Amino acid sequence: MFELVDRARSDDDAATRLGQLSRLPALREDRAAHLVSLAWAAIIGLLATETAHARASAYAAFEALSRSEQADFLAYVQAERIEDAHPRI
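Novice: Is there a simple way to think about helix 5 (residues 52-63) in this case?
Specialist: At 3.6 residues per turn, the α-helix brings residues three or four places apart onto the same side. Compared with the 16 Å implied by 1.5 Å per residue over 12 residues, the 17 Å span of helix 5 between its first and last C-alpha is a close match. In the core, the buried residues of helix 5 are packed alongside helix 2 (12-21), helix 4 (38-49) and helix 6 (67-76).

Okay, here's the thing in structure tokens:
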């Protein structure tokens, strides 16, 4: 997944695949640290690339999360809206 994040900066297909991966139940349930799932890591990676396609993929992946998980995610990235999230990795 982290290789895809690196490639997403210059490869829209990699960004699309990251967005798809973030929807897999296994990645949503696998926690890297406390609240942070591998799905969140994928979304954060997409946001951090700062390309239009990657951010659009991140927004769609975020919308696929439950409302409570969206709220937790926004608190984690310290943003009021997903569009305001600009994490650095």
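So, next bit.
Novice: Explanation requested: the environment of Glu3 in the structure shown.
Specialist: Secondary-structure assignment places Glu3 in helix 1 (residues 2-8). Using a relative accessible area of 52% as the deciding quantity, one classes Glu3 as exposed. In the structure, Glu3 is positioned 11 residues away from Ala14 in sequence and 9.0 Å away in space, judged by C-alpha atoms.

Novice: Quick question: what am I supposed to make of helix 2 here?
Specialist: Buried residues of helix 2: Ala14, Ala15, Leu18 and Gly19, and no others. An end-on view of helix 2 places all buried positions within 140° of arc, on one side of the element. Of the surrounding secondary structure, the elements contacted by the buried residues of helix 2 are helix 1, helix 4 and helix 5. One side-chain oxygen of the residue at the start of helix 2 lies 2.9 Å from the amide nitrogen of Asp13, identifying that residue as Asp11.

Novice: Got a minute to help me understand the pattern of salt bridges in this structure?
Specialist: Here the structure, examined in full by the defined rule, presents six salt bridges. For Arg7, the salt bridge identified is with Asp11, shortest N-O distance 3.3 Å. Here Asp13 ties to Arg17 by a salt bridge, and the two come within 3.0 Å at their closest N and O atoms. A residue pair is termed a helical-turn pair when its members lie 3 or 4 positions apart in one helix, as Asp13 and Arg17 do in helix 2 at four residues. The class of Asp13 is partly exposed, set by a relative accessible area of 39%. A single salt-bridge network, built from bridges that share partners, covers Arg81, Glu83 and Asp84.

Novice: I'm lost on unusual backbone geometry in this one. Help?
Specialist: Most peptide bonds adopt trans geometry, and most residues besides glycine take a negative phi value. With a phi angle near 65°, Glu50 is a residue other than glycine that sits in the positive phi range. Inspection of the secondary structure puts Glu50 in the loop between helix 4 and helix 5. By relative accessible area, which is 35% here, Glu50 ends up partly exposed. Positive phi outside glycine occurs at Gln78, with the angle close to 55°. Mapped onto the elements, Gln78 comes out in the segment after helix 6.

Novice: Got a minute to help me understand the environment of Thr51 in this structure?
Specialist: Topologically, Thr51 is positioned in the loop between helix 4 and helix 5. In this structure, Thr51 is in contact with Ala8 and Arg9, ignoring residues within four places of it in sequence.

Rules of the game
- Residues numbered from 1 in each chain as written.
- Predicted model: local features only at pLDDT ≥ 70, side-chain atom pairs only at ≥ 80, totals over all residues.
- Heavy atoms only, no water.
- Helix = DSSP H or I, 4+ residues; strand = E, 2+ residues; numbered from the N terminus.
- Expected span 1.5 Å × (residues − 1).
- Contact = heavy atoms within 4.5 Å.
- Buried < 20%, exposed > 50% of the residue type's maximum accessible area, 1.4 Å probe, protein only.
- Arc of directions from axis to C-beta.
- Polar contact = N/O pair within 3.5 Å; in protein donor to acceptor, adjacent residues only side chain to side chain.
- Salt bridge = Lys/Arg side-chain N within 4 Å of Asp/Glu carboxyl O.

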